[in-house]
Amino acid sequence: MKTPRIDELVRRTGRSLWMAEAGEWFLRALLAVIVVFLAAVVVDAGYALPVVGVVLLDVLLLGVAGFVAWPVVVRLARGRPRDRQTAVYIEKRLQVPDNRLINALDIAEQDAAGMSAALRDEVIARGEAAAAESGGRSVIDREALKRAALPAVIAVVGLILAYVVMPSVFHAVVPRLVAPFADLPPFTLVKFDIHTDPQPIYHGKPGTIRVTLSGPGVHDQAQVVFLDESEQPAPLPMYRVSSARTDKVEPGESNTFAMRVDRVEGARRFYIRTPRGRSAVHTLTANTSPLIEQAHATYSYPAYTGWRGTTGAITPAGIRTLTGTQVALHIVSNVPLGGGELKLSPADETDHTVERSIQLIPDADDPRAAQLTFPMDVSGRFELTLTGADGKPGVDTLAGKLTALPDRAPKIDIVDPQRQVVAPEGWQIEAHITAGDDIGVGPITLHHGLNDNPTTPTPLPATFTDKHHTVTKSDYTFDLAETQAKAGDVVKYYAAVNDNRPGTPQSAETPIYAIHIITLEQYMDIARSQYRIDDINREFEAILERLGDLEAQRNQLLEQLAALKEQIPFGEPLTDAQRQAMAKLESTLNKYAEEAASLADALSERAEQASLYEFEDAYKQMLSDLSKQIKEQSEQSGSLADTVRSMRDAGNADQLALTGSAMREQADRFEMLREPFAGGQRERTQTAREDLERLQLAEAMMAQGERIRRVAQEQDELAVRLAALAEPRSLTAEEQRRADALAQEQARLREELSDAARALREAAENASGLLPNMSGGALSVADRIDELRIVPTQMAVENASLSGNGPLAHQAALEAAEKLDSLLSDVQQNQAQASIEMDGCFNLPRQNMQNALQQMASARKVPGIGSQGGSGAGMSGAMATMSMVGPSVPGQPGGDSLTREGRRGGRGGRGDAVSSEVDVDMQAEVIHTDASDNTATSALQLPGVPVVYREQAAAYFRRIAEEEK
């Protein structure tokens, strides 16, 4: 028979009783585990136990946990109590009388065959009624559970509070308890901020371990301990640094410490140790991507260069070498290499036809090294990348410009003489030729011919100036007598050379050079025409300087003679001191005689030279007189020196008395011979000096007047040229270009006029003391230029031409020309005034002085030389730069011997006289037009242009300037 109410009550009560008992033991076990765990945390945090201590704590924890958990496990495994036991527990807790619940359960389980049905039903009904009366009330005694729960809750709360208060303690200790063999750091109040520099650290490169310590206490020491070096690794000291982001490792006051690792290879485990604790284990890793540590190239040059191979570093700036060179790249990386690639790209990025890719081959002996070879045959760019043995791509790329230098063509130059040379008939001219090449140069060949005849090649012997045969020089002498060239003929020549490039050598040639042949008389006229008043002044100043030196020496001699006459008694032998004084006097006399004789000869030679100007006759007469007087000084001093020597060598008293008397007589005569250092000759010399200064000042003003005349003439020409633009209209592009060119020409004339006016005013101010009338006229001309406002009118021409106003430009040009024409009469009057003011210069009458000034003016315009050779071409007016080669000319600038330096070197070619007996003893010299110091920009005084060509040169330069515009 069923007892549902009793069964439900028993089942529910048994389950609750089982759970209450298991919960009670669980709470007791939890309390024990928490207490032991907290004790373990405190012990490990306080004593920083070694691994053995941590293991013992783990064993203790596990033992306690197992001990207190065993009853819980047993009760859980036992399950809920049996029904009868539960019914007995219920009757006791509910105080049920007469065991109704138990009796009902027993009768319900018994066989109903031997029992009264009524009794059975009654017993079960009474048990069911008792179960129903319980009302579902809990019959479990929960006081024991509550007594066990209170300490457990307190323990859990204490654990939570401990974690909240000391989380770092738990974070440090719990992992150590969980993994005692993981080498975790014990608890410490020190905090470690660890990082490595740089990031990343590449294999084989240095790195730095840095740590910043924080927390309570003083941190004055830190060490690095590497765990992978040995079983008992030695700590390595760290050094204070001033900042965590600097490489300085010198002592400081911060809490940052650093240690440098010279070479990082692979991964290295380490921790930081301090007296107050250690850090967790960190790993110092190395990036194994390959880097380019070294890169150099070996250059194997083409065989024809003869160059030895060279090796140089490769930089991002690029590789530059000769085309055809084999370039071998050698690369060294920080890690073993698996390969690499070199990409060669052409200079033109749109051209992909010649792009190449060359693989890098690792070295079998050194896995970190690799190499490749390629020919240098194209310019462009290169890019080199590496791949490590582990397949990692390289971090950096070596790239740069690739420059294939071509074998340049040789260069050749005729360094002497200049391109256009004027020489007299029969002269010899030396040509000096140099050639060079970047690789190697061959012999020089000179091609020469007369006039328009075909040239003849002449191989010249080569003289190499370096061991690689890259520079050579050769000489050749043109003998005009052998070529039978006559005046008016032209010897044309040029030089050629090849380099040593195999196959088809490269060649170079000079432009055509020309030697223009003139007669000796023409040569003399041109050379003498360069002799100006400035040159005569320089010559005369040199004479006066040497006269002053001779006078100083003469005064010194007179003092020595006076002293010697007082020291030498009659009839007494000479002492050693007296003999030494006489020897010194003899030497001084001989030196004086030699210098006086040299000056006398030079003056005599100069006085015999032909006169260019009329006033030179009086000038040369004065030089002749000076020569005679100085010659007499030389003879007297030489004779006196011989007498002094005889007196010094006298062997007896009679000889001494005789020579002493002769010495006194000659000394008195020498003292009385005062010319040219005193008397009328000194006055004549001073007068000549003033006369030359007047002539120089007069010519300076005349030269500026000539410049103004030239500007006036060219202004007239410019006005004529602007007439083509005088009609009112809009200028075409071509006409505007011509107007711009004419504006520039007008600007040149304006600047020329301004400079001439300034120079004229300056020259007039300098001459105001010696030439008051002429300087006054010159100043009036300069003032007249300002009064007429010529320069502003010329500027109006420039502005109108540039703006395209042709009529205004033409009208302004005509006005400027008319104003300049009005100045010409003033300039001519000023030039004529020079002869009036200098009447009596060098004792010349007024008419002869005027002729002399006219000669100086006309010397700027020597008549041109026409074609005189049989089939010669004569001289072209377009030859704007020429040098002259030939014999020295009497009176020629730089050709005299009156200065201390003697002859002055010139420019151009050199030669030896062979054509005339007169020229045999004359030293060859270059005639150049810049010997004079005259300053001008007109064609009459263009530096480097012989006088005969100056008119043509001016027009030539103007034409070239217009064509270029």
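Just so you know, these numbers come straight off a predicted model, no measurement behind them.

(A) Expanded view of the overall build of the protein chain. When you go through the protein chain residue by residue, the secondary structure sums to 20 helices and 30 strands. For the protein chain, restricting intrachain contacts to residue pairs at least 6 apart in sequence, the fraction spanning at least 24 positions comes to 72%. Summing over all exposed atoms, the protein chain offers an accessible surface of approximately 48,100 Å²; the carbon and sulfur share of this is 53%.

(B) Fine view of the packing of helix H15 (residues 733-766) against helix H17 (residues 790-802). At their nearest, the axes of H15 and H17 sit 8 Å apart, and the two run at 165° to each other. Between H15 and H17, the angle is such that the two are roughly antiparallel. Both H15 and H17 take part in a crossing whose hand is left-handed. Residues Gln736, Ala739, Asp740, Ala743, Gln746, Ala747, Leu749, Arg750, Leu753 and Ser754 of H15 form the contact with H17, whose participating residues are Ile790, Val791, Gln794, Met795, Val797, Glu798, Ser801 and Leu802. In terms of residue class, the contact of H15 with H17 is made up of 10 nonpolar, 5 polar and 3 charged.

(C) The arrangement of the sheet that holds strand S6 (residues 256-261) in detail. Across the sheet, 4 strands lie side by side as S1-S2-S6-S5; this open sheet has antiparallel pairing. Unpaired on one side and paired on the other, strand S1 (191-197) and strand S5 (239-240) mark the two borders of the sheet. As defined by bridge partners, S1 adjoins strand S2 (residues 207-214) across 7 bridges and the pair is classed as antiparallel. Looking at the pairing, isoleucine 194 lines up with valine 211 of S2.

(D) How the structure looks around the pairing of strand S10 (residues 292-300). Pairing of S10 with strand S13 (residues 326-333) involves 8 bridges; the strand directions are antiparallel. What sits directly across from threonine 298, in S13, is alanine 328.

(E) Representation of the packing of aromatic side chains in the model. For the structure shown, the criterion picks out 9 aromatic pairs. Seen in terms of ring centroids, phenylalanine 226 and phenylalanine 270 are 6.0 Å apart; in terms of plane orientation they differ by 55°. Their pairing is tilted. With phenylalanine 226 in strand S3 (residues 223-226) and phenylalanine 270 in strand S7 (residues 268-274), the pair connects residues that are 44 residues apart, well separated along the chain. Ring centres of tyrosine 493 and tyrosine 513 lie 5.7 Å apart, and the angle between their planes is 40°; this geometry places the pair in the tilted category. One end of the pair, tyrosine 493, is in strand S26 (residues 490-499); the other, tyrosine 513, is in strand S28 (residues 513-518), and 20 residues separate them in sequence.

(F) Structural view of the sheet that holds strand S16 (residues 369-375). What the 9 strands build is an open sheet, ordered S11-S10-S13-S16-S15-S14-S17-S18-S12; its pairing is mixed. Every other strand in the sheet has two partners, leaving strand S11 (310-313) and strand S12 (319-322) as the edge strands with one partner each. Strand-to-strand twist in this sheet, taken as the mean axis angle between neighbours without regard to direction, amounts to 25°. Relative to S11, S10 is paired through 4 bridges, and the arrangement is antiparallel.

(G) Representation of helix H7 (residues 167-178) in the model. For H7, which comprises 12 residues, the first-to-last C-alpha distance of 16 Å matches the rise-based estimate of 16 Å (1.5 Å per residue) to within 8%. Of the positions making up H7, those classed as buried are Val169, Phe170, Ala172, Val173, Arg176 and Leu177.

The rules behind the values
Residues numbered from 1 in each chain as written. Predicted model: local features only at pLDDT ≥ 70, side-chain atom pairs only at ≥ 80, totals over all residues. Heavy atoms only, no water. Helix = DSSP H or I, 4+ residues; strand = E, 2+ residues; numbered from the N terminus. Contact = heavy atoms within 4.5 Å. Areas by Shrake-Rupley, 256 points an atom, 1.4 Å probe, with all protein chains shown as cover. Axes fitted to C-alpha atoms, helices over the stretch in contact; angles between N-to-C directions. Parallel < 35°, antiparallel > 145°, perpendicular 65-115°, else oblique. Left-handed = near helix turned anticlockwise from the far one by under 90°. Nonpolar A, V, L, I, M, F, W, Y, C, P; charged D, E, K, R; others polar. Pairing = 2+ DSSP bridges. Phe/Tyr/Trp six-rings, centres within 6.5 Å; stacked < 30°, edge-to-face > 60°. Expected span 1.5 Å × (residues − 1). Buried < 20%, exposed > 50% of the residue type's maximum accessible area, 1.4 Å probe, protein only.

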